[in-house]
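# An overview of the molecular structure
Spelled out, the chains give:
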Amino acid sequence: MSGVETKPDYDAIVIGAGVTGMNQTYLLDREGLRVLGIEAGEDVGGTWYWNRYPGCRLDTESYTYGYFALSGIIPEWDWSETFAGQPEMLRYANYAADKMDVRRHYKFRTKVESAHYDDLANVWKVGLDSGEKLTCRFLISATGPLSASRMPDYAGIEEFKGEAFHTSRWPTDDEGNPQTIDFTGKRVGVIGTGATGVQIIPIAAHTAQDLYVFQRTPNWCTPLGNMPLEKDEMDLIRKRYPTILEYVKSTPTAFPYHRDTRKGTEVSEAEREVFFEQLYNQPGYGIWLSGFRDLLLSKESNKFLADFIAKKIRQRVTDPAVAEKLIPTDHPFGAKRVPMETNYYEAYNQANVHLVDIKGAPIQHLTPKGIVTADGAYDLDVIIFATGFDAVTGSLDRIDITGKNGQRLKDAWADGPSTFLGLQARGFPNFFTLVGPHNGSAFCNVGVCGGLQGEWVTRMITYMRDRGLTFSEASEAAEAQWTEAVYADFARTLMADANAWWVKTTTKPDGSTVKRTLVYVGGGPEYRKRCEEVAYSDYAGFELA
Ligand code: N01
């Protein structure tokens, strides 16, 4: 740091009013900092504001999601289902915003277009799409790992005359409420069979005249097992909240599951079958997160479970040829996020549902009437793009962020992110990336982990304030060590064998490719232990001034 510091307009600017950003804004304000939040949407909610497609819902148990730390504020909330739907999640976010009284700190309907670190003044200069320019000392992104929508670039995409939208940009009416798109009597195409497509497909199948599912790669999907939560159950859950929070904090992903202590290879075939059957029939992510401990480390153990799930798909889908197309062959079970489904496989038994293999016969272009693949033309009234996100770094890439000496963040991370604790990149002082790349909160129940991370960042900022420190930057050594450890941890798992959204593949000018994980897979407890060590040692690994 050099030059003359100037007093910025704000102590901190927080980008995003999702569950993480709102919490961060609230915590900083509570500490007496002058904080401004910026949010592109009309209101709070983040993921739950933007993703309004039919079928959108939580895939962790509702009562394990979010705002535990604000004890006394949110525990009174009554969840109506074990896995809450998007409308309820959005109501929850709004309720939280009211309770925390954070809306007053936010500029809504506003996008951050640029953020440039001024070396001389030690401030971030933030440019908004309104034309306004603001300065702050700390810049904190809470833009979400899955917020930058990814649209395919098919030729003719603009020519399609029917209704077409990405799932995370569902059409709204004049008042901003999601439109109910009535599929009755319509020919509907869904492109994409990730967690989003898997949620929407069985619902569209109910009413569409014909539903065409354009599948490039099948996923391993398992039953969600959603149920209503009765008042007496909710009362009991509420009494157990402190225990529930401690339990989820002790698990790797803050979902309420610990891995079984046995290896799949140590157990007899008969025992395995009984165990898998039990996991398959229980609600939630147990099948992925409480299976054998070597599930994501041993190909042999993984195959036991993959074979079991493949058998289930064959049992549930009546046409054997369709069943085979729905069974993944390119990645181990759980190496990509496992979509949780409700009657997904049964949808393919309906006469109006057609699975179109676009791996074998790719989409060639769109026309005013529909989609043309290498195999033929599909006339459609509606096209739903369930094509996912430019994950984790995508939302940051879409902002022109420059650090010291005008270095662009996008360039610094061209071959994959490089950070300390997934929270700061060297060369970008005072810029914290909540739930960002290589950060222990991104591969986690974000409601819990993002909240805990906000508390940690708040502590660091107040530590600095209390000591008259205004500058923090990850040291070169700490960043290198963290980044190497993140890559090494990931490479040890079977996740390295799959192209999940958390892997970024970059093609170099010479045609070679670099494949990098965007997430830390060391688990929440290990991550928070590391963060606590850093805090305890007066933020060793950060250069403070
Ligand atoms: O996105 P995805 P998503 N042409 O990237 C296909 C969370 N989430 O929105 O696999 C044709 O998983 C792509 O095909 P392929 C959850 O973490 C949570 O579904 O690349 N197809 C794939 O099938 C989840 O993991 C909930 O070959 C194209 C699909 O689109 C994450 O969000 C619910 C294509 C994208 O799948 C992302 O899920 C929903 C193209 N050009 C989501 N481009 C909960 O339950 C992409 N595809 C909380």
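These remarks concern the structure in this document. (Residues numbered from 1 in each chain as written. Predicted model: local features only at pLDDT ≥ 70, side-chain atom pairs only at ≥ 80, totals over all residues. Heavy atoms only, no water.)

Enumeration over the complete set of coordinates arrives at one disulfide. Bridging Cys444 to Cys449, the disulfide has an S-S length of 2.0 Å. Each member of the pair, Cys444 as well as Cys449, is classed as buried. Cys221 supplies the cysteine sulfur nearest to Cys56, a cysteine that is in no disulfide, at a spacing of 16 Å. A residue is classified by how much of its surface remains accessible, and Cys221, at 1% relative accessible area, is buried. (Disulfide = S-S within 2.5 Å. Buried < 20%, exposed > 50% of the residue type's maximum accessible area, 1.4 Å probe, protein only.)

A few words on the sheet that holds strand 8 (residues 187-191). Judged by pairing direction, the sheet is parallel, and its five strands sit side by side in the order 7-16-8-9-12 without closing on themselves. A strand with exactly one partner marks an edge of an open sheet, and here the two such strands are strand 7 (163-166) and strand 12 (353-357). Strand-to-strand twist across the sheet, computed as the mean angle between neighbouring axes with direction ignored, equals 15 degrees. Here helix 4 (residues 195-207) sits on the sheet in contact with strand 8, strand 9 (210-215), strand 12 and strand 16 (382-385), set at roughly 160 degrees to strand 9. (Pairing = 2+ DSSP bridges. Helix = DSSP H or I, 4+ residues; strand = E, 2+ residues; numbered from the N terminus. Axes fitted to C-alpha atoms, helices over the stretch in contact; angles between N-to-C directions. Contact = heavy atoms within 4.5 Å.)

On to the pattern of salt bridges, then. Within the structure shown, the criterion is met by 39 salt bridges. The partner of Arg104 in a salt bridge is Asp29, with the nearest N and O atoms 3.2 Å apart. Taken together, the residues Arg104 in the loop between helix 3 (86-100) and strand 3 (106-107) and Asp29 in helix 1 (residues 19-30) connect sequence positions 75 residues apart. One salt bridge connects Glu533 with Arg530, and the closest N-O pair in it is separated by 3.5 Å. With Glu533 and Arg530 both in helix 16 (residues 524-536), this residue pair falls three residues apart, about one helical turn. On the basis of relative accessible area, Glu533 is assigned to the partly exposed category, the value being 38%. Judged by relative accessible area, which is 26%, Arg530 ranks as partly exposed. What you see here is one network of salt bridges that share partners, running through Asp78, Lys231, Asp235 and Arg238. (Salt bridge = Lys/Arg side-chain N within 4 Å of Asp/Glu carboxyl O.)

What follows is about the nonpolar core. Trp79, Leu211, Phe333, Tyr348, Leu421 and Trp456 are the most contacted members of the largest nonpolar core, which has 136 residues in total. Considering every element that reaches this core, the biggest residue donor is helix 14 (residues 446-466), with nine residues. Mapped onto the domain boundaries, this core takes at least three residues apiece from domain 1 (10-148 + 391-544) and domain 2 (222-337). For Phe333, the residues in contact, after removing those within four places along its chain, are Trp220, Thr222, Ile287, Trp288, Leu295, Leu296, Asn302, Leu305, Ala306, Ile309 and Val338. (Core = buried A, V, L, I, M, F, W, Y, C linked by side-chain atoms within 4.5 Å. Domains from an automatic or database assignment.)

All we've got here are geometric facts, nothing functional implied.
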